[in-house]
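Observations on the three-dimensional arrangement
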Amino acid sequence: MNEQASKARSFRDLHYFSKPLVLPNAWDAITARIFESAGFPAIGTTSAGMAMALGYPDGGYLPFDMLVSALGRIVKSVHVPVSADIESGYGLTPERAADYVDRLVDTGIVGINIEDSVGLADEALFPEEFQVQRIAAIREVSEARNLALFINARIDTFKHSEKVTDELLEDTLHRAALYRQAGADCIFVFGVKDVDIMHKLVREIHGPVNFMAGSGMPSVQQLQAIGVSRISMGPAALKVAMGAVKKVATELFTAGTYDHSLLSEMSYQELNGHFL
């Protein structure tokens, strides 16, 4: 078994422990190194962070070749498994989506997060049958490479729809069952903050379930108590980091002082030491 296949197996196993996998989301090599040094056993990426760091908005606008290059640097910077947020999958058709994932596997990633939103400012969801075909095509490509690529299928019913909760639950559970049958390993329901709704989804979905962490969300302990398998930070760390940058910049420009720099400043030696 090669190193990538071994990491893929380890990453899959992390979703079946008694404690949920808490997955931090990096956007470059230094954030990946910091998360790894903090003790996290695996790292995801944040599409928002990667896009914005390279001069693009979130939502499918980052050119694919730039994504490949950035992912390659992140994977090479750490020893732990890395899963990539590929948003809507870049390729519209099942064949194109699978081809793009095939190219991404060459970076060394062991998992992907793919959503059923169309993306590029379009708030529509892919028809469920079409998304099933895309997931199945990606699974087929990964199996052809003898890689147990971990497919985290994100469902955006709660993000875009204005249906009542019961209807949203029904739609979400229906999509979850279909995506699992198509080859998805984990179901990520985006946009849910109510712990009772989360609990119902965990009970009804057969397999690992992923929710987002961050301000306004239930704690890791609460999510563990209801059986959540995976908790993603998404852009949470990015927002905190950029908030700190804004405070430092504003203080320096308006007051000419550095008080905010002292609150959580990391020394140059520690920062640089991540690459020595």
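Because the structure is predicted, anything quoted here is derived from the model rather than measured.

Definitions and limits used
- Residues numbered from 1 in each chain as written.
- Predicted model: local features only at pLDDT ≥ 70, side-chain atom pairs only at ≥ 80, totals over all residues.
- Heavy atoms only, no water.
- Core = buried A, V, L, I, M, F, W, Y, C linked by side-chain atoms within 4.5 Å.
- Buried < 20%, exposed > 50% of the residue type's maximum accessible area, 1.4 Å probe, protein only.
- Helix = DSSP H or I, 4+ residues; strand = E, 2+ residues; numbered from the N terminus.
- Contact = heavy atoms within 4.5 Å.
- Pairing = 2+ DSSP bridges.
- Right-handed = clockwise from strand over helix to strand, strands pointing away.
- Axes fitted to C-alpha atoms, helices over the stretch in contact; angles between N-to-C directions.
- Salt bridge = Lys/Arg side-chain N within 4 Å of Asp/Glu carboxyl O.

Here we come to the nonpolar core. Among soluble globular proteins, nonpolar side chains are generally buried collectively. Of all hydrophobic cores here, the largest spans 72 residues; its most connected members are Ile-112, Ile-187 and Phe-211. Of all the elements, helix 4 (residues 64-77) adds the most residues to this core, at six residues. Sequence-distant contacts of Ile-187, that is, excluding residues within four places in its chain, are made with Asn-152, Ala-153, Ile-155, Ala-176, Tyr-179, Arg-180, Ile-205, Pro-208, Val-209 and Asn-210.

Residues Cys-186 and Phe-188 line one face of strand 9 (residues 186-189) and the alternating positions Ile-187 and Val-189 line the opposite face, and both faces are buried. Alignment of strand 8 (residues 150-155) against strand 9, held across four bridges, turns out to be parallel. Counterpart to Ala-153 in the pairing with strand 9 is Ile-187. Here strand 9 runs beside strand 10 (residues 209-212); their pairing, made up of two bridges, is parallel. Looking at the pairing, Phe-188 lines up with Asn-210 of strand 10. Assessed by its sense of winding, the connection that carries the chain from strand 9 through helix 9 (residues 195-204) to strand 10 is right-handed.

This part is about the sheet that holds strand 3 (residues 43-45). The nine strands are arranged 1-11-10-9-8-5-4-3-2 in an open sheet whose pairing can be described as parallel. Sheet topology places strand 1 (21-23) and strand 2 (25-26) at the edges, where each strand pairs with a single neighbour. Contacting strand 5 (111-115) and strand 8, helix 6 (residues 128-144) crosses the sheet at an angle of about 165° to strand 5.

Turning to the pattern of salt bridges, a few remarks are in order. In the structure shown here, the tally under the stated rule is ten salt bridges. Here Asp-185 ties to Arg-12 by a salt bridge, and the two come within 2.5 Å at their closest N and O atoms. On the criterion of sequence distance, the pair formed by Asp-185 in the loop between helix 8 (165-182) and strand 9 and Arg-12 in helix 1 (residues 3-13) is long-range, its members being 173 residues apart. Looking at Arg-12, the relative accessible area reads 22%, which means it is partly exposed. Taken together, the shared-partner salt bridges in this structure form one network comprising Arg-12, Arg-139 and Asp-185.

With the exception of glycine, most residues fall at negative phi, and the peptide bonds are largely trans. Even without a glycine there, the phi angle at Glu-87 is positive, about 50°. Mapped onto the secondary structure, Glu-87 falls in the loop between strand 4 (82-85) and helix 5 (94-105). Take Glu-87: its relative accessible area is 6%, and that puts it in the buried class. The phi torsion at Tyr-90 lies on the positive side, around 65°, for a residue other than glycine. In this structure, Tyr-90 sits in the loop between strand 4 and helix 5.

Structurally, His-199 can be placed in helix 9. On a C-alpha basis, the gap between His-199 and Gly-227 in space is 7.6 Å, while along the polypeptide they are 28 residues apart.

Keep in mind that these numbers describe shape and distance, not what the molecule does.
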